[in-house]
Amino acid sequence: MLDNLRIPDLSGLTHMETPQIDYSIFDKYKEVNRLIIIGNGFDLAHGLKTSFKDFIEDYTLKILNELKRNYHFEDGLLSITSKANFEELRSNLNTLDKSEVYKIFIYLLKGNQRIEIEHQSEFLKNIILSIQNKSWVDIELVFFELLKDASKNNDSKNIEQINNDLNSLKQLLKEYLKEEVSKQRIKPSRKLLSQFLMEIAKHETIPNTIEHDEQPNSICVLNFNYTSLALDYLEHMKSFPTTYIPIHGELEGDDINKQGLVFGYGDELDKDYLEFENMNNDLLFEHIKSFKYLHFDHYRSLLEFINSKPFQVHLYGHSCGLSDRTLLNTIFENENCISIKNFYYSNSGKDDYEQKSYAIARHFKSKADLRAKVVNKTKCEPMIQPKDEI
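Residues numbered from 1 in each chain as written. Predicted model: local features only at pLDDT ≥ 70, side-chain atom pairs only at ≥ 80, totals over all residues. Heavy atoms only, no water.

### Topic: the packing of helix H2 (residues 52-70) against helix H6 (residues 156-182)
Step number 1: Taken N-terminus to C-terminus, the directions of H2 and H6 make an angle of 95°; their axes are 10 Å apart at the nearest point. Classed by the angle they form, the pair H2 and H6 counts as roughly perpendicular. Judged by residue contacts, Phe52, Asp54, Phe55, Asp58, Tyr59 and Lys62 of H2 engage Leu169, Leu172, Leu173, Tyr176 and Glu179 from H6.
Step number 2: A breakdown of the residues in the contact of H2 with H6 according to their chemical character gives 7 nonpolar, no polar and 4 charged. (Axes fitted to C-alpha atoms, helices over the stretch in contact; angles between N-to-C directions. Helix = DSSP H or I, 4+ residues; strand = E, 2+ residues; numbered from the N terminus. Parallel < 35°, antiparallel > 145°, perpendicular 65-115°, else oblique. Contact = heavy atoms within 4.5 Å. Nonpolar A, V, L, I, M, F, W, Y, C, P; charged D, E, K, R; others polar.)

Structural data, given as structure tokens:
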């Protein structure tokens, strides 16, 4: 039976060509994107007075000018009456530095017999106290602390008042920012633009990811500010595919066609927030940012970007505060994030690199991840300050 078996001639196989395999198809890091995170320090670097402290000082100037004209000021946060046009208000307040005006305002609030305070919200009191103690204020953090206190007794009336106060303040902030932006005509800085467009260096990334320095494949600008100054830079980035995401809304937003200001708190990792979820009180969630993100597709656009390809983060002027912890944790601990480069603030030989590192660390559950991804200071550089350019 075996005699009838015919073995095929395989001699020709020795002349077959070995198939060529493109090993680059297995290289996950062949194309790397860049996510540019823009915070309030970006606007400040361009000369815009957009900090919460700037806003509160301007607010107190408006209060004192109204007292000077009409002996009375009233809005959703404060009702105050002056019994006399006394010495502190006789000068032209508009010629004084706003920090000096703020000091006058604080002096008048401290039990002055010629001032009658009919109403002052707890929210405003705590904001003022924060400025006095620290010379700066995070209004969103003040809001959350008040909300936590009110939640302990599940005091719906107090919680509703805190929410109303934040709505009043949000409207005042919107009006202030519109006025501030209208005063300025700012052109994008070429030097700052060059930081946006620099190569992704191999030594800035997690080891064994990219093989050599390379240009970003595409760029997404994630703007946490309410102003649109960052959008102006995209006009000069046309050599790259770009995406713009105003994650916290826009000044012109009406919450119908464009998202309005997303103002509140965003730390769902906080233990007190977890307790909110066990309470049957929807008022606690009215100004939690994650629920505002669901109204428009900005958050989904961000997820699509960071899940599409490996990416490097550039940080410009963002404090990385706890009020954005949920969102920043989603970005920083994403498996596609291979580098976080901090363009820190530097002035007169001092800088905030280390303080910003503390803030960044609070958004990581894995500290090993933190150490692998955050670019060390020797490989970072200060953010260009366009307002200082000649």
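### Focus: the sheet that holds strand S5 (residues 219-223)
Step number 1: Read across the sheet, 5 strands follow the order S6-S5-S1-S7-S8 without closing on themselves; strand pairing throughout is parallel. A single partner strand is all that each edge strand has here, and the edge strands are strand S6 (242-246) and strand S8 (337-343). Between one strand axis and the next, the sheet turns through 15° on average, direction left out of account.
Step number 2: In the sheet, strand S1 (residues 33-38) pairs with S5 via 5 bridges, with the strands oriented parallel. Its bridge partner lying in S5, isoleucine 38 is registered against asparagine 223. (Pairing = 2+ DSSP bridges.)

### Here we look at the pattern of salt bridges
Step number 1: Scanning all chains against the criterion turns up 22 salt bridges.
Step number 2: Between lysine 309 and glutamate 31 there is a salt bridge, with its nearest N and O atoms 3.6 Å apart. Here the residue lysine 309 occupies a position in the loop between helix H11 (298-308) and strand S7 (311-316), and glutamate 31 occupies one in the segment before S1, the gap between them amounting to 278 residues.
Step number 3: Sharing partners across several salt bridges, the network here consists of Asp58, Lys62, Lys98 and Glu179. (Salt bridge = Lys/Arg side-chain N within 4 Å of Asp/Glu carboxyl O.)

### Focus: the packing of aromatic side chains
Step number 1: According to the stated counting rule, one finds 19 aromatic pairs in the structure shown.
Step number 2: Seen from their ring centres, tyrosine 316 and phenylalanine 343 are 4.6 Å apart, and the 15° between their planes marks the pair as stacked. A residue pair is termed long-range when its members are at least 10 positions apart, and tyrosine 316 in strand S7 and phenylalanine 343 in strand S8 qualify at 27 residues.
Step number 3: On the basis of relative accessible area, tyrosine 316 is assigned to the buried category, the value being 0%.
Step number 4: Phenylalanine 343 gets classed as buried once you look at its relative accessible area, which sits at 1%.
Step number 5: What links up through ring pairs into an aromatic cluster is the set Phe144, Tyr265, Tyr273, Phe276, Phe285 and Phe291.
Step number 6: Taking the ring centre of tyrosine 344 as reference, the NZ or CZ of lysine 377 above it sits at 5.7 Å. (Phe/Tyr/Trp six-rings, centres within 6.5 Å; stacked < 30°, edge-to-face > 60°. Buried < 20%, exposed > 50% of the residue type's maximum accessible area, 1.4 Å probe, protein only. Lys NZ or Arg CZ within 6 Å of the ring centre and 35° of its normal.)

Honestly, it's all geometry; don't read function into it.
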